[in-house]
Protein chains: 2
Amino acid sequence: MGRLSLNIATTKKWTLREAVDGAARAGLPAVGLWRDRVAEEGLAESAKLVRDAGLRVSSLCRGGFLTAADVSGVRAALEDNRAAIVEASTLGTDALILVVGGLPEGDRDLAGARERVAERIADLAPFARDHGVRLVLEPLHPMYCADRAVISTLGQALDLAAPHPAEEVAVVVDTFHVFWDPALTDGIARAGRENRIASYQVCDFNLPIAQDALLSRGMMGDGVIDFAAITGMVDATGYSGDVEVEIFNADIWNSPGDQVIATMTTRYRDLVLPHLTR
Amino acid sequence: MGRLSLNIATTKKWTLREAVDGAARAGLPAVGLWRDRVAEEGLAESAKLVRDAGLRVSSLCRGGFLTAADVSGVRAALEDNRAAIVEASTLGTDALILVVGGLPEGDRDLAGARERVAERIADLAPFARDHGVRLVLEPLHPMYCADRAVISTLGQALDLAAPHPAEEVAVVVDTFHVFWDPALTDGIARAGRENRIASYQVCDFNLPIAQDALLSRGMMGDGVIDFAAITGMVDATGYSGDVEVEIFNADIWNSPGDQVIATMTTRYRDLVLPHLTR
């Protein structure tokens, strides 16, 4: 389990301190953190907690929401993302996950929103580089295109990353968001060739889609995703980083955290690990 | 309104006869039909009803469900689709819409399912050609990839169509399914260049996603789709065929059919028609 990371959104009811304890208790080597839980604990204290537990921070979730069209919205987004970059750096991770944002209220211009994302990435990349942090673009499932992320595919994320060095702008491969993509094989291979895979996140796609569509993520094996195929594609690129389990799911959130970690460890061992060669 | 077609799924509670009467009463020139309503009325009688009302049949929904992996499943799919081709021909439309199907129960191999779709299209194309009918591949929104259609983008549909002449295999552009696609401009332009746009279907994408995800389709203007942009792309290809309104939505289904047609006509006039030059 040398690469298995608990994204702490998976054990949502736990504080950061509880999640760090739980991950350490289970022998996991890493955690993926969320800013709200970090803020609750305090940034310096969070960094110390994780360090003292001997854990890596595989990523920080999340910056982004870069699509505002008005001056004050743009300024607020840049300030918030600079803060997130500093937080990532302080926590000891170089991976700041970005959910880039959807359409502004009442706006229907996807092309315009995507242009603004490109502009904000250009604004932020030097600041990120100076802090040793990569902006990690997350393509989200197209069902969230209008309200959460106007980036829907790896190819699109890589096109947006292309003007910047791989040390500054990267991508995350999240099985839930990309499994459907007919160009997935090419997208993952390209991401690898360009040295831009900053994170591999696994969870399943459950059917039927949950009433709150954000909560349709499932434990590996409970849904429709072929983890052998996708893990094999990621592994073939030479990716040797952590594998984060990030699940938003009401049933899982209502289960005891230790049990969730035990289940995810078993499923990881059975469905993901056999397809990792590193 | 010379190109506006009522897909009769929009007025779901109406029989075919009622929908034909309603469309004719509203002065529409065309209807898109569904096989279940045709079967209920009888094929010959349905054809006569539409003809006598002076309406075109813009499309027949639907064939497809081609992903079965077992011999009897393959045979059943081919039989059903041959029947659908004969029905389309009898009804006087050359457009048989295909929803190609998702993963077989318990199967997670998307690449395999897509290969079988390609094989079944090759099986069916000669029969379709002999009946003057085109197999019209419908890319469905990726949220339906696993359970309804392993074709998710226009580019993918066109790749599947490529081995066949445009008179045999074509595609439908349905705003709901494709609006999110970052490669949409290219996909529509390519579909036009290859003479494969058999149908343009319009409806909106409502948020939040409905509890039954299939019913998240909305009346144009009620959701997040930019009809000016997409209609402009379709128009720029030279497409001069019917524009079908196909909406699955519980509230709309519970409204009187004449009122639904009146609303869709107004929305079409305001949001779609200004961007059509033909």
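Under an unreviewed UniProt entry, the name given to chain A is Sugar phosphate isomerase/epimerase family protein, and the source organism is Saccharopolyspora mangrovi.

**Observations regarding the sheet that holds strand 10 (residues 243-245) of chain B**
Residue and element names in this part refer to chain B. The parallel closed barrel is built from 8 strands, whose spatial order is 1-2-3-4-5-6-7-10. Strand-to-strand twist in this sheet, taken as the mean axis angle between neighbours without regard to direction, amounts to 30 degrees. Sheet analysis places strand 1 (residues 4-7) next to strand 10, joined by 3 bridges and oriented parallel. Bridge pairing links S5 to E244 in strand 10. Relative to the sheet, helix 4 (residues 71-91) contacts strand 2 (30-34), strand 3 (56-64), strand 4 (95-99) and strand 5 (134-137), its axis offset from that of strand 3 by approximately 175 degrees.

**Concerning the packing of aromatic side chains**
Residue and element names in this part refer to chain A. This structure, assessed with the given rule, holds 11 aromatic pairs over all chains. For the ring pair F179 and F205, a centre distance of 5.0 Å and an interplane angle of 45 degrees mean the geometry is tilted. Of this pair, F179 sits in the loop between helix 7 (175-178) and helix 8 (184-193) while F205 sits in strand 8 (residues 204-205), placing them 26 residues apart in sequence. The pair formed by F179 and F205 is uniform in burial state, with each residue classed as buried. A cation over a ring is seen here: R217 above F248, with NZ or CZ 5.0 Å from the ring centre.

**Side note on the interface of chain A and chain B**
A common way to express how large an interface is: the accessible area buried when the components associate. At the junction of the two partners, chain A supplies 28 residues and chain B supplies 28 residues. On the chain A side of the contact with chain B, R108, W180 and P182 of chain A bury the most area, a combined 26% of that side's loss. Linking chain A with chain B are 0 salt bridges. Tallied by class, the residues present in the side of chain A that touches chain B amount to 15 nonpolar, 7 polar and 6 charged.

**Section: the layout of surface pockets**
There is about 1,000 Å³ of room inside the largest pocket. Every residue lining the largest pocket is counted, 37 residues in all, and those nearest its centre are T153 of chain A together with D181, P182, A183 and L184 of chain B. For the lining of the largest pocket, the secondary-structure elements that each account for two or more residues are helix 5 (110-130), helix 6 (154-161) and helix 8 of chain A together with helix 6 (154-161), helix 8 (184-193) and helix 9 (227-236) of chain B.

**Observations concerning the pairing of strand 3 of chain B**
Residue and element names in this part refer to chain B. Among the 9 residues in strand 3, 7 count as buried, and that is most of the element. Bridging between strand 2 and strand 3 involves 5 bridges; their strand directions are parallel. Following the sheet pairing, V31 is matched in strand 3 by V57. Direction of pairing for strand 3 relative to strand 4: parallel, over a ladder of 4 bridges. Looking at the pairing, L60 lines up with L96 of strand 4. Note that the unit made of strand 3, helix 4 and strand 4 has a crossover that is right-handed.

**A few points about helix 5 of chain A**
Residues and elements named next belong to chain A. Between the first and last C-alpha of helix 5 there are 31 Å, a value that for 21 residues agrees with the 30 Å anticipated at 1.5 Å per step. At L124, helix 5 shows its largest kink, close to 35 degrees, and the proline P126 lies no more than four residues downstream. Listed in full, the buried residues belonging to helix 5 are L110, G112, A113, R114, R116, V117, R120, I121, L124, A125 and A128. Of the surrounding elements, those touching the buried residues of helix 5 are helix 4 (71-91), strand 5 (134-137), helix 6 and strand 6 (169-174). Two to three positions downstream of the cap, the backbone nitrogen of A111 sits 3.3 Å from a side-chain oxygen, assigning the N-cap of helix 5 to D109.

Definitions and limits used
- Residues numbered from 1 in each chain as written.
- Chains lettered and ligands numbered in written order.
- Predicted model: local features only at pLDDT ≥ 70, side-chain atom pairs only at ≥ 80, totals over all residues.
- Heavy atoms only, no water.
- Pairing = 2+ DSSP bridges.
- Helix = DSSP H or I, 4+ residues; strand = E, 2+ residues; numbered from the N terminus.
- Axes fitted to C-alpha atoms, helices over the stretch in contact; angles between N-to-C directions.
- Contact = heavy atoms within 4.5 Å.
- Phe/Tyr/Trp six-rings, centres within 6.5 Å; stacked < 30°, edge-to-face > 60°.
- Buried < 20%, exposed > 50% of the residue type's maximum accessible area, 1.4 Å probe, protein only.
- Lys NZ or Arg CZ within 6 Å of the ring centre and 35° of its normal.
- Buried area = accessible area lost by both parts, 1.4 Å probe.
- Salt bridge = Lys/Arg side-chain N within 4 Å of Asp/Glu carboxyl O.
- Nonpolar A, V, L, I, M, F, W, Y, C, P; charged D, E, K, R; others polar.
- 1 Å grid on protein atoms, 1.4 Å probe; cavity = no way out; pocket = protein on both sides within 12 Å on 5 of 7 lines; lining within 4 Å.
- Points joined across faces, edges and corners; volume = space filled by probe spheres on them.
- Right-handed = clockwise from strand over helix to strand, strands pointing away.
- Expected span 1.5 Å × (residues − 1).
- Bend = angle between axes of the 7 residues up to and from the residue.
- Polar contact = N/O pair within 3.5 Å; in protein donor to acceptor, adjacent residues only side chain to side chain.

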